[in-house]
Amino acid sequence: MAYTVPALRFEILGPLRGWRAGDELDLGWPKQQTVLAALLLAAGRTVSRPDLVDVLWGDNPPRSSASLVHTYLARLRRVLDPDPRSEPRALVSGRSGYALRLPPGGTDLEVFRASLEDARRMASDDQLVAALKGFDAALGLWRGPPLGGISGAWADGQRVRLGEVRLAAVEDRAEVMLRLGRQAELVPELTALAAMYPLRERLRALLMIALHRGGRRAEALALYADARRLLVDELGVEPGTELQRLHRAMLTGAEDGLAAGAPGVDLRPSAAGGADRVVPRQLPPTTRHFAGRVAELDTLSSLLDQATRRTGATDPAMVIAAIDGTAGVGKTTLALHWAHRVADRFPDGQLYVNLRGFDPSGPTLRPGEAVRGFLDVLGVPPHRVPTDAQAQAGLYRSLLAGRRILVVLDNARDVDQVQPLLPGDPAAVVLVTSRHQLSGLVALDGAHPLTLAPLPVEEARDLLAAHLGTGRVAAEPRAVEDIITRSARLPLALSVIAARAAAHPTFPLAVLAGELTAAPAGLDAFDGGHPATDVRAVFSWSYQRLSTGGRRLFRLLGVHCGQDISAAAAASLAAVPAGRARALLAELARAHLVTEHLPGRFACHDLLRAYATELARQTDAEADRRAAIHRSLDHYLHTAYGAAMLLRNRRDPIILARPEATVTPERLTDLDQALAWFAAERAVLLAAVRQSAVTGFDTHTWALAWTLANVQERRGHWRDWVAVQTAAVAAARRLADRSKQGAAHHLLANAYLRLERLEEARTHLRLGLELFEQLSDDSGQAHIHHSLARMSERTGDHPAALLHAERAHDLYRAAGDRRGQAAALNGLGWCHTLLGNHRRALEYCRLALAQQQEMGNVHGQAATQHSIGWAHHQLGEYARAEEAYRHAIDLYGSLGDRYNVAATLANIGDTHLAAGDHWAARTAWRAAYTDLRQLDHTEAGQVAARLEQLDRQTA
């Protein structure tokens, strides 16, 4: 397709650049360019503001992210639409987000795709010289790695995706050159590419053909041997069927097997004895209980509409939509519902075949069998059907030439099963369903992927209402919510339960919900009495198709503690190398038994986890399951401990037992990595503490709780802190280890102090002190007295606080604990300033600060700077107070200590108010209030009261 050069255009396939009427645009700073890139790649679709936040910052956006996105968009609008009165606008906004409307050919990516489509069409029509020129023109648009100059995880992912598209085009071009007999020119280029992408089998196949045709048969065979060795070593799999077929052809000298892109038999419709007049209507009936999937239906219809608009209302360009998703998620139901809804737009008929990719009752349908069935339906007399499978495929495509027909390929196993069934004419539309992600179909054939997730809650409720009626569903909202939750929002599971409820119209839904909750086996309640409606059986069809390693890892996910898992943790869980774990997780993801819901993190819904747990109990010995749990807990404990040490932990280290030999803890190198890891694994680590306590790994329970204490305190996860330290106290008692008991009581008391639950804190401090006194542990007793000083401060007993601080200092000195002595000196300074002895307080704090700086104790320095700021404030030395507070905030911030940053901000607000700067006080208090409210801390109310009082005074 030829484009005129538009006035406003952009280049994506290289450094991001833009022009208006020949003048290059200043696209701004990198973040602003990232927003522009996201809008350009959306190709006119609306992008929401939350999506833009994710593009820019991922899971760790700043508090001002929404405001920053608005700023970037405002700046882009000035660049893209400099005259606000001109229409149409390039950057348009609405309630759902933002979109970039460009004229045809507005990006080099759009021109590339159109040129590539033309080149592929010419190649399929044997216009090889023209096709080669088309491929060269398309690939000539690439000026380097796409989105050059834009960094970050999102941009990296887009570069990988676009690189796949380019590589597929390079392979198509190579195939055309082979068909033209220009293999000698190809060998250097393909050799370099095969070295860059050693696992890409199509590249290997093309290079093997080029070498063989150039008389270099031995090198071609060696290339196969190298590919096989690499695939077996890296992924544990044999080469694909196409590469194996090619290898056999070279060994046997079967030249037909070396054809690259040889066209099928060209039989026109008239040769089929009038078959073109047959109008097939093969769509199976759709369910009358369909509900939901509004967005997915709109997406499918939009694809059809776009294709129709692109080439004329009477001749839609070919669209391939690939619907994938886990078992029971409703892929076939959606496909058939949509197919019936748009059937009138295909006057030449609809073809349907169940490819039985995951059918336990029989073998997978071979593509040749499906083609033969289509020829029968299209009215080809048996005596006119060619005997050769390739000729049959050619006849099939010839019969569909120029016909507006819908082809539904249901339950496909893989791309190899689908590709021979694709029509060659753009008038057809193809709808594919599979439990696997057919990424090859997307890359090679331009398919549009549509992954189905479990139903949203509202749509799940609508599905139940479709079965049972709105009145019955509305009458028991709590029971309906329980059913939806227990069914993991899977349409199949919901339909099975709804069918049971419909069969017993007098049963309260609460009874059925109770059965689900009380069911001893996770999936027994989801058996509809037929293999197609038995959730366990349906899951098994996907499970049985896995490799041996894939099945084992899936089962082990049933004993893993968390709802999701990283590739590194999976490697330890399964006792395999990291590369092998990634390959197995990719296999599970392709089968939709897990979902990569975040980059590098994999999860499966509750029913699949229940199925995995059942399989593990049935298949794996108890000792093997327990060994897997041990490896998993070792992984999390040793990785967490290493991360905790990077937090500049102010506590003395503990000694851990060596991890199991096959465990590979993650190696984190700096504070940012440690905090990011703790944030990503937060829920899993809590689950690990629970699992270790339940399964008798008490040493792991105590050590995990100890390891998590600092990050839970600093990030404000105080309720989590209470939960894990409560488990640690119980584990230490079971271990009969008084030292561990004392430490756990102390940490639990500190967690209660953060929550202002003073009586519980007092109880655990008393129990801890008794244990440390029995052990004559001076350092342990000092820790307790240090916390008792904080307790006395909370209750307003400042003299008692000073006595405990002095006792802590004496005990630390007796124990030779320099870190503790420095902390105690700061504690003494704080207590003196509470008693009004501000100058003396500063003397203690300066001694403490010098010792902490010498030892590199960042947290201690932050706490002492806070004390110094408080003392200067009490003395009316507000500039010095603010300076010390700012130092404290910087230090706390470097440690990720959210609470202490917020508390110090509140104190800065007090200092500004005392100095008469109301605006600065309000700014500091608002920032403090925001953080404290997010932490759900009681001090948020105190800061809010200060803001209200200030507003009244300045009104």
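Residues numbered from 1 in each chain as written. Predicted model: local features only at pLDDT ≥ 70, side-chain atom pairs only at ≥ 80, totals over all residues. Heavy atoms only, no water.

(A) The overall build of the chain, seen in detail. Helices and strands together make up the secondary structure of the chain, namely 41 helices and 13 strands. Taken across its 955 residues, the chain has 51% of its residues classed as buried. Counting only contacts in the chain whose residues sit at least 6 apart along the sequence, the fraction spanning at least 24 positions is 67%. As displayed, the chain offers around 42,000 Å² of accessible surface, 52% of which is attributable to carbon and sulfur atoms. (Helix = DSSP H or I, 4+ residues; strand = E, 2+ residues; numbered from the N terminus. Buried < 20%, exposed > 50% of the residue type's maximum accessible area, 1.4 Å probe, protein only. Contact = heavy atoms within 4.5 Å. Areas by Shrake-Rupley, 256 points an atom, 1.4 Å probe, with all protein chains shown as cover.)

(B) Here's a closer look at the nonpolar core. Grouped together as the largest cluster of nonpolar side chains are 110 residues, with contacts concentrated most on Phe554 and Phe678. Not counting residues within four places of it along the chain, the set of residues in contact with Phe678 comprises Ala640, Ala643, Ala644, Leu647, Leu685, Leu708 and Val711. Ala90, Leu128, Ala138 and Ile209 belong to the second-largest nonpolar core, a separate cluster that totals 77 residues. (Core = buried A, V, L, I, M, F, W, Y, C linked by side-chain atoms within 4.5 Å.)

(C) Quick peek at the sheet that holds strand β10 (residues 448–452). Strand order across the open sheet formed by 5 strands is β7-β8-β9-β6-β10, with parallel pairing between neighbours. Here the strands that pair on one side only, and so sit at the sheet edges, are β7 (350–354) and β10. On average, each strand axis in the sheet is tilted by 15° relative to the strand beside it, whichever way the strands run. Bridge analysis of strand β8 (residues 406–412) against strand β9 (residues 429–434) gives 5 bridges, and the strand direction is parallel. (Pairing = 2+ DSSP bridges. Axes fitted to C-alpha atoms, helices over the stretch in contact; angles between N-to-C directions.)

(D) Fine view of the pairing of strand β6 (residues 319–325). Among the 7 residues of β6, 7 are classified as buried, and the element is accordingly described as predominantly covered. Burial of the side chains of β6 extends over both faces: Val319, Ala321, Ile323 and Gly325 are buried on one face and Ile320, Ala322 and Asp324 on the other. Pairing between β6 and β9: 6 bridges, direction parallel. Across the sheet, residue Ile320 finds its bridge partner in β9, namely Val430. With 5 bridges connecting them, β6 and β10 associate as parallel partners. When the bridges of β10 are listed, Ile323 appears paired with Leu450.

(E) How the structure looks around unusual backbone geometry. Positive phi is not limited to glycine here, since Ala21 has a value of about 50°. In this fold, Ala21 is placed in the loop between β2 (17–20) and β3 (23–24). One non-glycine residue with positive phi stands out, namely Arg293, at about 55°. Within the secondary structure layout, Arg293 lies in the loop between α10 (241–252) and α11 (294–311).

(F) Geometry of helix α8 (residues 201–213). Look at α8: 18 Å from first C-alpha to last across 13 residues, which is about the 18 Å you get at 1.5 Å a residue. Most of α8 sits out of view: 10 of its 13 residues are buried. Regarding α8, the residues found buried are Leu203, Arg204, Ala205, Leu206, Leu207, Met208, Ile209, Ala210, Leu211 and His212. In the stretch just after α8, Gly215 is the one whose phi turns positive, near 80°. (Expected span 1.5 Å × (residues − 1).)

Scope: geometric values only; no functional claims are made or implied.
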